[in-house]
Amino acid sequence: MPDAFDRKLQELLSYPRPPAPGDDPFVADVMRELRAERRRRHVILGAFGGIGAAFGLAGAAMLLDDIAGVFTRDISAMALTQGALFLAGAAAFYSWFMNDDWSTGG
């Protein structure tokens, strides 16, 4: 009696074999929809990332005082702003290009 009970319990707790993607049309439809959503997400992120980059470049262009003056004058607030802008832009570009995670480990 316990042997039959154990077999029935094992049968109930076992995972059924998942269907292969080509076996079930529902699975194929779901996978096609997932690919379409992924493409849509990439287009949206690319478009808004491009718009953000354009606004960032426009802001950087507005901050460009006479660039030669940075090297000939004392360091002013504008030069510090330009330096901070350059460092933030370099960090953002590096993070995007290397697909890096800047987590602090905490």
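S.K.: Before we go on, may I ask you to explain the pattern of salt bridges in this structure?
M.R.: Pairing is possible between side chains that carry opposite charge, provided their charged atoms lie close to one another. Counted under the stated rule, the structure contains two salt bridges. Arg32 is the partner of Asp29 in a salt bridge, and the nearest nitrogen-oxygen pair spans 2.5 Å. Taken as a pair, Asp29 and Arg32 lie in helix α2 (residues 25-63) at a separation of three residues, close to a single helical turn. Asp29 sits in the partly exposed class, given a relative accessible area of 36%. Here Arg40 ties to Glu37 by a salt bridge, and the two come within 2.4 Å at their closest N and O atoms.

S.K.: Sorry if this is basic, but what is going on with the environment of Gly59 here?
M.R.: With respect to the helices and strands, Gly59 occurs in helix α2. A C-alpha to C-alpha distance of 9.5 Å links Gly59 and Leu85, two positions 26 residues apart in sequence.

S.K.: Which parts of the structure should I look at to understand the confidence of the model for the protein?
M.R.: A low pLDDT means the predicted coordinates there should not be read in detail. For the protein, mean pLDDT is 77; residues scoring 70 or higher make up 71% of the total. At the low end of the mean pLDDT range in the protein sits helix α3 (residues 67-72), at 58; at the high end sits α2, at 87.

S.K.: Help me understand a positive patch on the surface, please; the structure alone is not making it clear to me.
M.R.: Taken together, the side chains of Arg35, Arg38, Arg39 and Arg41 present a region of like positive charge at the surface. Following the sequence through the fold, Arg38 ends up in helix α2. Overall, Arg38 belongs to the exposed group, its relative accessible area being 55%.

Rules and cut-offs
Residues numbered from 1 in each chain as written. Predicted model: local features only at pLDDT ≥ 70, side-chain atom pairs only at ≥ 80, totals over all residues. Heavy atoms only, no water. Salt bridge = Lys/Arg side-chain N within 4 Å of Asp/Glu carboxyl O. Helix = DSSP H or I, 4+ residues; strand = E, 2+ residues; numbered from the N terminus. Buried < 20%, exposed > 50% of the residue type's maximum accessible area, 1.4 Å probe, protein only. pLDDT = per-residue confidence, 0-100. Patch = residues over 30% accessible without salt bridge, like charges linked within 9 Å, V, L, I, M, F, W, Y side chains within 5 Å. Areas by Shrake-Rupley, 256 points an atom, 1.4 Å probe, with all protein chains shown as cover. Lys, Arg positive; Asp, Glu negative; His and termini not counted. Charge placed at Lys NZ, Arg CZ, Asp CG, Glu CD.

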